[in-house]
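Geometric and topological summary
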Amino acid sequence: MRTVGAFEAKTHLSKLLDDVESGETILIARHGRVIARLSPAEQPGRRAVANLIRSWEAYRDSEGINLDGLTIDELLAESRSE
C-alpha cells in the first residue's frame, strides 16, 4: 500500500486509477495525515457467488452428499458449457 500527497493525487489521478485498476490500494494524505483510500471496486456479485459456494459446501457436508470428487470449480465449468 502506497501513500501519496493530495497534490500528487490531483495531478496524477489518471495514473493512480490505472494502478488501482491493477489491484493496488493507495492512501491519500494531506499535510502528512491519511484522509482517503483508493482501492479497487468489488466486482458485482462476486461476494454473493462466494457466499453461495460456501453455503453449498456446508449443506453438502452436513448431508453427506458425495459428488465422486467433483469440485465446485468443475461444477461451475460444467454449468457454463450448457
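Scroll up a little and you will see the structure.
These remarks concern the structure in this document.

Reading the values: the criteria
Residues numbered from 1 in each chain as written. Predicted model: local features only at pLDDT ≥ 70, side-chain atom pairs only at ≥ 80, totals over all residues. Heavy atoms only, no water. Helix = DSSP H or I, 4+ residues; strand = E, 2+ residues; numbered from the N terminus. Rg over C-alpha atoms; globule rule 2.2 N^0.38 Å. Buried < 20%, exposed > 50% of the residue type's maximum accessible area, 1.4 Å probe, protein only. Contact = heavy atoms within 4.5 Å. Areas by Shrake-Rupley, 256 points an atom, 1.4 Å probe, with all protein chains shown as cover. Lys, Arg positive; Asp, Glu negative; His and termini not counted. Charge placed at Lys NZ, Arg CZ, Asp CG, Glu CD. Salt bridge = Lys/Arg side-chain N within 4 Å of Asp/Glu carboxyl O. Core = buried A, V, L, I, M, F, W, Y, C linked by side-chain atoms within 4.5 Å. Phe/Tyr/Trp six-rings, centres within 6.5 Å; stacked < 30°, edge-to-face > 60°.

**Description of the overall build of the protein chain**
Assigned secondary structure in the protein chain consists of 4 helices and 3 strands. Reading the protein chain from its N end, one meets helices and strands in the order β-α-α-β-β-α-α. Relative to a compact globule of 82 residues, whose C-alpha radius of gyration would be 12 Å, the protein chain shows 21 Å and is clearly more extended. Dimensions of the protein chain, computed from the C-alpha atoms along their principal axes, are close to 60 × 30 × 20 Å. Going through the 82 residues of the protein chain one by one, you find that 15% of them count as buried. Counting contacts in the protein chain only where the partners sit at least 6 residues apart, residues at least 24 apart contribute 18% of the total. About 6700 Å² of surface is accessible on the protein chain, with carbon and sulfur atoms providing 52% of the total. Of the charged side chains in the protein chain, 11 are positive and 14 negative; the average position of the first set lies 16 Å away from that of the second.

**Points about the pattern of salt bridges**
Within this structure, the stated rule accounts for 3 salt bridges. Here Asp19 and Arg2 are joined by a salt bridge, their closest N and O atoms 2.5 Å apart. Here the residue Asp19 occupies a position in helix 2 (residues 13-21), and Arg2 occupies one in strand 1 (residues 2-5), the gap between them amounting to 17 residues. Take Asp19: its relative accessible area is 12%, and that puts it in the buried class. Overall, Arg2 belongs to the partly exposed group, its relative accessible area being 28%. Linking Arg2 and Glu24 is a salt bridge whose minimum nitrogen-to-oxygen distance equals 2.9 Å. Of this pair, Arg2 sits in strand 1 while Glu24 sits in the loop between helix 2 and strand 2 (26-30); the two residues are 22 residues apart in sequence, bridging distant segments of the chain.

**Some thoughts on the nonpolar core**
Core analysis: the largest hydrophobic core is formed by 6 residues, namely Val4, Ala9, Leu16, Val20, Ile26 and Ile28. Contributing elements (two or more residues each) for this core: helix 2 and strand 2. Those residues in contact with Leu16 that lie beyond four places of it in its chain are Arg2, Val4, Glu8, Ala9, Ile26 and Leu38.

**What about the packing of aromatic side chains?**
According to the stated counting rule, one finds 1 aromatic pair in the structure shown. Ring geometry for Trp56 against Tyr59: centres 5.9 Å apart, planes inclined by 40°, an arrangement best described as tilted. With Trp56 and Tyr59 both in helix 3 (residues 46-63) and 3 residues apart, the pair spans about one turn of that helix. By relative accessible area, Tyr59 is classed as partly exposed at 43%.

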